[in-house]
Amino acid sequence: STQRRLNRMLNSSHDHKVLSLIDVKGFDPKEVTITVKDRKVKVLAEHEEEHTTATGKEYNYRNITKEISLPPEVSEDEVTYSL
């Protein structure tokens, strides 16, 4: 289950503090951008699909944007992330 996977991930990262978990299911890793600047972690995920139908073209677009402020005790160069 998702909760068990989440618990395993949190337990395996016991040396590090988890700042945030963001569900980017359905996004390709190339569609996810993470930047750390001005004491903020910014996550942007964008996915666009184009389908041709009998009546023309159809576009589906999804995005996730999240900005997280770093706690005072964490420096920007300590931030790591994984997908």
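Analysis parameters
- Residues numbered from 1 in each chain as written.
- Predicted model: local features only at pLDDT ≥ 70, side-chain atom pairs only at ≥ 80, totals over all residues.
- Heavy atoms only, no water.
- UniProt positions renumbered as here; feature names shortened; annotations may be inferred.
- Helix = DSSP H or I, 4+ residues; strand = E, 2+ residues; numbered from the N terminus.
- Contact = heavy atoms within 4.5 Å.
- Pairing = 2+ DSSP bridges.
- Axes fitted to C-alpha atoms, helices over the stretch in contact; angles between N-to-C directions.

- An unreviewed UniProt entry lists the chain under the name Outer dense fiber protein 1, with Circaetus pectoralis as the source organism.
- As its UniProt record puts it under Function (unreviewed entry), the chain is described as follows: "Component of the outer dense fibers (ODF) of spermatozoa. ODF are filamentous structures located on the outside of the axoneme in the midpiece and principal piece of the mammalian sperm tail and may help to maintain the passive elastic structures and elastic recoil of the sperm tail."
- You can read under Sequence similarities (unreviewed entry) in the UniProt record for the chain the words "Belongs to the small heat shock protein (HSP20) family."

Details of the overall build of the chain
Phase 1: For the chain, the count of helices and strands is one helix and three strands.
Phase 2: In the chain, the succession of α and β elements from N to C terminus is α-β-β-β.
Phase 3: Relative to all contacts within the chain whose residues are 6 or more apart in sequence, the contacts with residues 24 or more apart total 44%.

Observations regarding the sheet that holds strand β3 (residues 56-69)
Phase 1: Strand order in the open sheet formed by three strands is β1-β2-β3, with antiparallel pairing between adjacent strands. Every interior strand has two partners, whereas the edge strands, β1 (32-37) and β3, have only one. Along the sheet, successive strands turn relative to each other by an average axial angle of 15 degrees, direction set aside.
Phase 2: As judged from the 14 bridges shared by strand β2 (residues 40-53) and β3, these two strands associate in the antiparallel manner. Bridging across to β3, Thr52 finds its partner in Lys57.

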